[in-house]
Amino acid sequence: MNCELLATCSALGFLEGDVYHKESDCLEGVKDLIRYLRHEDDTRDVRQQLGESQIIQNDLLPIIVQHGQEKALFDACIRLMVNLTQPAVLCFGKVPDDPVFRHHYMEVTAHLQAYKEAFASEKVFGVLSETLYNLLQLDWEQRQEEDNLLVERILMLVRNVLHVPADPNEEKKVDDDASVHDRVLWALHMSGFDDLVKFLASAQSEQQWSMHVLEIISLMFRDQTPEILVSAGQARSAEEKQRDSSELEALRQREQAAKRSRTLQRGTRHSRFGGSFVIRGLKSVGDNDVIYHQKINNFKNHTHDSGKAVRRVPKRHRRAHECNDKRRSALNVRLFLREFCMDFLENCYNSLMYLVKENLIREQTQQHDETYYLWALSFFMAFNRGNGFRAEFVSETMSIRAFHFIERNITNYYEMMLTDRKEAVSWSRRMHLALKAYQELLLTINEMDQSQDESIRQSSGVIKSNIFYMMEYREILVTLLRKFDETKQPRSYLQDLVETTHLFLRMLERFCKGRRNLMVQRKRVKRKKSKGKKSPVSAPTPEALAETWKIVEEELRAIEFKLSPSLTESVVPFDATSEIPLDDQRTEVMVRVQDALLNRLGPEALGLLRAAREVWPEGDVFGSPDVQHEEELELLKQILQANLPRSSAPEAPEDEDDGAEFEEEELETIQVSEQEFNFLDFIKRFAQSTIVRPYLHLLKSYSKNSPHTNHCVARMLHRVAVDLKMDALLFQLSVFHVFNKLLSDPAAAAFTELVTFAKHVLRGFLKVAAQNDKAFVELLFWKNVGAVREMTEGYTKDSGGTRVAWTEEEEEELRKLYEEHRDSDLPDIVEHILPLLTNCNRNRRQVVVQLVHLGLVGNAKELKKPKKGTAIVLWTEEQEEELQMLFEEFKDSDDILGNIMKKTTAKRSRARVVDKLLSLGLVSDRRELHKKRSRGAGPRGSRGPGKGSGKGSDRSMTEEEFLSQLTGDSPDGDKEDLDREQEEDSDEDEEDDKEERGGNVDESESGNNIVTSSKRVDVSAVARALRQEGMSGPILWLQNCLNKTANHREEDGASQAVPLVPLTEDNEDAMENRSFHKLLKKLGLRAPADEQESFWRIPARITPSQLRVAAASLSPSEDRPAGADEGPSGSSESTDRDPDQDQGKSGEQRTQALRALLLERKRKHQSTDDVAPVLNQSPLEEQNGSPEKPFVKTTKRRRVLDDDDDEDKENDGEGSAPMTVEPNGDVDSDAEDLSAPLKRRRKMVIDDDDDD
């Protein structure tokens, strides 16, 4: 011992007999010891040395008993004892893992146990009780800060003494014997300290000590159970006697069976001539049978594992340690504790639990203090149930708030058990406390149902209706069963969980029997991706739209289309700081107008429409500047009835430098709804192997379980096997092993319920095994619902998942080919091997999988398909000079990029060459590298339908040219140019074209697929198939887009890629259909090049004549003229036809062409005629017989006003509306279609092009 500590302890005084003689500087010595403890090291050396000197037993306790009247000395001794008696876990932070620190930890714990034995004195607790009583007698105004500190220190000292664990090696006490803890409790009771504790728990003026009081009470009842305390001092009931007798009978039967077994194993001959035997069928280490040298009557129990060392189980796989610290105390202690419980429930429970709960909610307590609350709730409510149930005694904790608090703590404990793995056992113990509290709440509610008081039964019904309605309280037990882990949670936890589940299901079943339609809450977590497409909103009915429009129209007419200044100033149609493009914001404004109309906010919608007209005046998208009120009203009606696209959040562009793929963030939204509850459907939640396994784990220890626990297990398995008719779920080898152990148990008569159930399951298995010869193999696996159905009803053949087998010859052939070409410099060895295989049906994936299976390659990533066009990245100086020379040579040609690609030595993709030309400064814009095409004329100088012909180009067009345009036969010059382009582009790789899309949109690969006469038959066949699938509307929309694009290109003379923007729901669905994609590819349209593009595009290289050919090929075959349908095919089959037939077809084509030409001229002059009465359908809709569509019909965003005053557009060579030729339509019908009034003929068209 340290000499300074020894001198300090000696300076305190000495004990002579029962009298303690203190020194004059005793107070300073106590303060010095407090300072020494403040500066002790990590091994707690000062604390250990003071414990070895027994300073509390020999000095401090005699000082406070004999010299307690000295207040300063008493306070200092209490401070020192509070420090010396604090738990060892607080001293070291946790139970140390290091052996050295573990030794110090055990030394400190041993000293604490010696301190506790010294405190088992009535004199010590008498002094503490008297001092505390005197302090509590003071009024709140008279108390000083030192008085409050002393009250708190006395409570902490008592708490520390009660917290000291018992020493199982020293205290080898049996039940009903007084342990050290019992002696401390008896001293506490004899001193009256327990009455002071009850006063502190109930007094309104002492609320600040609520947590200290609750800790002391929980430590007082640490070794007790409510059932033992309830039965203390009372005669044993008949149920207890019956339970004890059944246990004794089971033990007697097992003993008799063991005695019979030993008798059978005892041989009749003496052991000197045991002999040697051979056990046939049991092989030894070699190929011979085992030679047996022991007694023959015990050979059936022979196993190869006998004599072997038991395999050590890893620490992380060991089962959780069971904490069985409950014992039966001495009778006088149990009686005193029983009286304490009764008084506490009657006078203190509700007020104390309310204060503690408020402190926990406001987080005014220390960490993990909620465990004391959970323990008190479960303990005292269980005592109240057993000791004459009184609902008013526990009314504070019988509420939905208590259920919610416990459910939240269970969830938190489980999450912490997963995250804080080092302290998982501690978190599982806390979760066990919360589960016990949840179980006790259910038991109390069940007790309230059996009460004689009607009001108590009604309160129970209200609580049950809330519990069973909320989804959290129904699903928590299912979740806990599924997540049971035997390495972290002990068997006692599983036992309480199974019993709680049984009670909950029994209460729920009883609650559902008296109600036919029980509605419960259902919460569904819906995960949607932030970048994904928004789910379409359900469209309102036409009746609702009509009613909405009627209200909006009346409101606008009432205010005479006049808006207040405040409303006009508050409307902001676009956000200048937003990253969303201006064109996309224009679409969003139209959606906002529609939303305002749907919400019946007419003035807001009108103000937003007028503000948008000022922001986007071009194209008259939101109406012309001098639009009339009636026209605005009609425009708002069209917007209301339109099916506008609800765009999603903008996608974040990917970083092209590193090519990193950003993971899409998932957003969770909880959808709360109600549904009718079905008890049988709820039981199906338990029919899964993850829940049956915990029950089997508990069933293995059936002999140690209580009868109630075995009943709970049997009832749940009965619900699954009998009620749900899923007994095949229990057809598992481990289950049958437990059943075999149960049926062969000599005491099986004590487990009648389990034996009956086991026989039922075995009979069901034998029936299935008679029909299914694979049933014995199925015993090896746990099964889900699908496997159970297949096992009992028959297996289904899934042809889609069958694996194509490889023969030995094919494997040898593949191995030889791979070995032959593995050392070659082939960029893709799999693509080289595929055509060399004899089996031509093998695909790339099958070959890669088989190579991995044969061990020729490590994994499939080694055979990943290389990306083309990315092998050469860096440019050398010679290559840059070569590129500059080629650019200077071909900069005046029509196809600069194409000529450079032919002449360059280092073959690269178009995108790489374009980027290099831009970086060298040879070109300033990618458009300079586009192919140059003449405006208004074909590539070979042939006269085209462009603007170059002037205003009268339509009149000067010859019949041959117009007929060629209608039938899809391009002029010879166009054909030659198209063939030349196809020959140039055929050498380029597909990957190069894909890379080119990012930088050179107009020079895409889709230009190679321009619809010519030879392809129209295929296009017509695909279009016909899509019409049969119900896509007539999208095909008609696509045909109109092609025709309008052709007209605009003739008008403007410039060609740019035009996106196809679907603005109706049918068109959106079609653009996501693969068959429709196939049609678009055959027409030569280009798919989105990268993540920044969302729509298909009409490439700029397609001429107006080719667009009309593509549009004509989409017309129905039965509606097109013979020349239009057979012209293209006739070109490809001209060798097989008769010349006379060709001449007849040609004449018929000429007739149809002349009729179309006459129709076109009539349309040009129709705009100057008088308008006809209002029609209900547009011309296009009348021709096709389709119902009225929303006003947005095409992807071109412009507003065309067919006005009588627009004489320039009437006299222009091109009409204001694109020409739509219906081959079978006559002149009169077309003229009637175009006679609609101005308001019906106005078209709202959204344009994606930025040019005017």
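Counting restarts for each chain, with residues numbered from 1 along the sequence as it is written. The predicted origin of the model limits local features to residues at a pLDDT of at least 70 and limits the giving and counting of side-chain atom pairs to 80 or more, whereas totals for whole chains, interfaces and linings rest on all residues. As a convention, hydrogens and water are excluded, and side-chain values are obtained from all of the structure's heavy atoms.

A. Inspection of the overall build of the chain at higher detail. For the chain, the count of helices and strands is 55 helices and 10 strands. The proportion of buried residues among the 1252 residues of the chain is 44%. Look at the contacts in the chain between residues 6 or more apart in sequence, and 75% of them connect residues 24 or more apart. A 1.4 Å probe and the Shrake-Rupley method give the accessible areas. Residues count as covered only by the protein chains that appear here. A total accessible area of about 68,000 Å² is found for the chain, and carbon and sulfur atoms account for 49% of it. Going along the chain from the N terminus, every DSSP run of H or I of four or more residues is numbered as a helix, and every run of E of two or more is numbered as a strand. Accessible area is worked out with a 1.4 Å probe on protein chains only. A residue is then buried under 20% of its type maximum, exposed over 50%, and partly exposed in between. Contacts are assigned to residue pairs that have any heavy atoms within 4.5 Å of one another.

B. A look at a nonpolar patch on the surface. The grouping of Leu733, Val777, Leu780 and Phe781 at the surface amounts to a nonpolar patch, some 390 Å² of accessible area in total. Along the chain, Leu733 falls in helix 31 (residues 733-743). Assessed through its relative accessible area of 46%, Leu733 is described here as partly exposed. Patches in this entry comprise residues that are over 30% relatively accessible and not in a salt bridge; like charges within 9 Å are linked, as are nonpolar side chains (Val, Leu, Ile, Met, Phe, Trp, Tyr) within 5 Å. By salt bridge we mean one thing: a side-chain nitrogen of Lys or Arg within 4 Å of a carboxyl oxygen of Asp or Glu.

C. Expanded view of the side chain of Ser1020. Along the chain, the position of Ser1020 falls in helix 45 (residues 1016-1028). Residue class for Ser1020 comes out buried when judged on its relative accessible area of 8%. Here the side chain of Ser1020 touches Ser1113 through a polar contact of 3.2 Å, landing on its backbone oxygen. Here a polar contact is recorded for every N or O atom pair within 3.5 Å, except that within protein the pair must consist of a potential hydrogen donor and a potential acceptor, and residues adjacent in sequence are included only if both atoms are side-chain atoms.

D. Looking closely at the nonpolar core. Core analysis: the biggest nonpolar cluster contains 186 residues, and Ile217, Met220, Phe221, Phe380 and Tyr438 have the highest contact counts within it. Look past the residues within four positions of Ile217 in its chain and what remains in contact with it is Val197, Phe340, Phe344, Leu352, Trp375 and Phe380. In this structure, Leu545, Leu556, Phe622 and Ile639 belong to the second largest nonpolar core, which totals 29 residues. Among buried residues, the Ala, Val, Leu, Ile, Met, Phe, Trp, Tyr and Cys ones that are joined through side-chain atoms within 4.5 Å form a nonpolar core.

E. Representation of a positive patch on the surface in the model. We count Lys and Arg on the positive side and Asp and Glu on the negative side, and we leave His and both chain ends out. Note that the charge is assigned to NZ on lysines, CZ on arginines, CG on aspartates and CD on glutamates. Together, Arg102, Arg312, Lys315 and Arg318 line one region of the surface with positive charge. Here Arg312 shows up in the loop between strand 4 (289-292) and helix 15 (331-347).

F. Representation of the packing of aromatic side chains in the model. Aromatic pairs are defined between Phe, Tyr and Trp rings, using the six-membered ring for Trp, whenever the two ring centres lie within 6.5 Å; interplanar angles under 30 degrees are classed as stacked, those over 60 as edge-to-face, and all others as tilted. Under the definition given, this model contains 29 aromatic pairs. Look at Phe379 and Phe380: their rings are 5.4 Å apart centre to centre, the planes differ by 80°, and that puts the pair in the edge-to-face class. According to the relative accessible area criterion, Phe380 is buried, its value standing at 0%. Aromatic side chains Phe765 and Phe776 sit 5.4 Å apart centroid to centroid with 90° between the ring planes, which places their arrangement in the edge-to-face category. Remark: Phe776 occurs in helix 33 (residues 775-778) and Phe765 occurs in helix 32 (residues 752-771); sequence separation between them is 11 residues. Using a relative accessible area of 4% as the deciding quantity, one classes Phe765 as buried. One aromatic cluster is present, formed by Phe221, Phe340, Phe344, Tyr349, Trp375, Phe379 and Phe380 through successive ring pairs. Cation placement over rings: the criterion is NZ of Lys or CZ of Arg within 6 Å of the ring centroid and within 35° of the ring normal. Of note, Arg44 hangs over the ring of Phe92, and the distance from its end group to the ring centre comes to 5.9 Å. Above the ring of Trp427, the side-chain terminus of Arg430 is found at 4.6 Å from the ring centroid.

G. View of the pattern of salt bridges. Tallied over the entire structure, the rule returns 36 salt bridges. Taking the shortest distance from any N to any O, the salt bridge between Arg390 and Glu392 comes out at 2.5 Å. Note that Lys891 and Glu888 form a salt bridge whose closest N and O atoms lie 3.1 Å from each other. Assessed through its relative accessible area of 38%, Lys891 is described here as partly exposed. Glu888 gets classed as partly exposed once you look at its relative accessible area, which sits at 46%. Residues joined in a network through salt bridges with shared partners are Glu40, Arg44 and Arg47.

H. Region of interest: helix 7 (residues 99-119). By this rule the span expected of a helix is its residue count minus one, scaled by 1.5 Å. Taking 1.5 Å as the rise per residue, helix 7 with 21 residues should run 30 Å; its terminal C-alpha atoms sit 30 Å apart, in good agreement. By the burial criterion, the buried members of helix 7 are His104, Tyr105, Val108, Thr109, His111, Leu112, Gln113, Tyr115, Lys116 and Phe119. Here helix 7 starts with a cap whose side-chain oxygen sits 3.1 Å from the backbone nitrogen of Val100, and that cap is Asp98.

I. Structural context of the environment of Glu171. Looking at the secondary structure, you find Glu171 in the loop between helix 9 (145-163) and helix 10 (180-190). For Glu171, a relative accessible area of 22% translates into the label partly exposed. Leaving out residues up to four positions away in the same chain, Glu171 has contacts with Ala166, Ser179 and Val180.

J. Structural detail: the confidence of the model for the chain. For the chain, the mean per-residue pLDDT works out to 76, and 75% of the residues sit at or above 70. On a scale of 0 to 100, pLDDT captures the predictor's confidence in every residue. Scored below 50 in pLDDT, residues 529-537 makes 16 contacts in the model with residues more than four places away or belonging to other chains. Ignoring residues within four places in sequence, the model shows residues 648-666, a span with pLDDT below 50, making 23 contacts including any to other chains.

K. Quick peek at the packing of helix 29 (residues 689-699) against helix 30 (residues 707-723). Packing of helix 29 against helix 30 leaves a shortest axis separation of 10 Å and a crossing angle of 145°. In terms of crossing hand, the pair formed by helix 29 and helix 30 is left-handed. In this structure, helix 29 contributes Val692, Tyr695, Leu698 and Leu699 to the contact, and helix 30 contributes Thr709, Cys712, Val713, Met716 and Leu717. When its residues are assigned to classes, the contact of helix 29 with helix 30 shows 8 nonpolar, 1 polar and no charged. To get an axis, a line is fitted to the C-alpha atoms, and for a helix only the part in contact is used. The angle between two axes follows their N-to-C directions and goes from 0 to 180 degrees. In a left-handed crossing the near helix is turned counterclockwise from the far helix by less than a right angle, and in a right-handed crossing that turn is clockwise. Three residue categories are used. Nonpolar comprises Ala, Val, Leu, Ile, Met, Phe, Trp, Tyr, Cys and Pro, charged comprises Asp, Glu, Lys and Arg, and polar comprises the others, including Gly.

L. Representation of unusual backbone geometry within the structure. A positive phi angle, near 55°, is found at Arg44, a position not held by glycine. Assignment of secondary structure puts Arg44 in the loop between helix 2 (26-38) and helix 3 (45-52). Here the phi dihedral of Glu363 falls at roughly 55°; this positive angle occurs in a residue that is not glycine. Following the sequence through the fold, Glu363 ends up in the loop between helix 16 (349-361) and helix 17 (370-386). Residue Glu363 is classed as exposed on the basis of its relative accessible area, which comes to 70%.

M. The arrangement of the environment of Glu475 in detail. With respect to the helices and strands, Glu475 occurs in helix 21 (residues 471-482). The class of Glu475 is buried, set by a relative accessible area of 14%. As for Glu475 and Phe682, which are separated by 207 residues in sequence, their C-alpha atoms are 9.5 Å apart. Setting aside its immediate chain neighbours within four residues, Glu475 contacts Phe682 and Arg685. Within polar-contact distance, the side chain of Glu475 engages the side chain of Arg685 at 2.7 Å.

N. Seen up close, the pairing of strand 3 (residues 277-283). At least two bridges found by DSSP between two strands are what make those strands a pair. Both strand 3 and strand 4 contribute to a ladder of 4 bridges, which runs antiparallel. Bridging across to strand 4, Ile279 finds its partner in Val290. Counted along the chain from strand 3 to the antiparallel partner strand 4, the turn is 5 residues long.

O. Structural context of the environment of His212. As for its position among the elements, His212 is in helix 12 (residues 210-220). Along the primary structure His212 and Val158 are separated by 54 residues, whereas in three dimensions their C-alpha atoms are 9.8 Å apart.

P. Just the packing of helix 11 (residues 193-202) against helix 12, in detail. Axis separation between helix 11 and helix 12 bottoms out at 9 Å; the angle between their running directions is 140°. What the angle tells us is that helix 11 and helix 12 run oblique. Helix-helix and strand crossings are classified by hand; for helix 11 and helix 12 the assignment is left-handed. Across the interface between the two elements, Val197, Leu200 and Ala201 from helix 11 touch Val213, Ile216 and Ile217 from helix 12. Considered class by class, the residues forming the contact of helix 11 with helix 12 number 6 nonpolar, no polar and no charged. Any angle that falls under 35 degrees is termed roughly parallel, while one over 145 is termed roughly antiparallel, one within 65 to 115 roughly perpendicular, and all others oblique.

Q. Structural view of the pairing of strand 1 (residues 13-16). Judged from the 4 bridges that link them, strand 1 and strand 2 (residues 19-22) form a sheet pairing that is antiparallel. The partner of Leu15 across the bridge, within strand 2, is Tyr20. In this structure, the hairpin formed by strand 1 and strand 2 is closed by a connection of 2 residues, where Gly17 is found at a positive phi of approximately 70°.

R. Layout of the state of the cysteines. Sulfur atoms of two cysteines make up a disulfide when they are within 2.5 Å. All chains considered together, the criterion is met by 0 disulfides. With no disulfide of its own, Cys77 lies closest to Cys26 among cysteine sulfurs, the gap being 6.0 Å. The class of Cys77 is buried, set by a relative accessible area of 0%.

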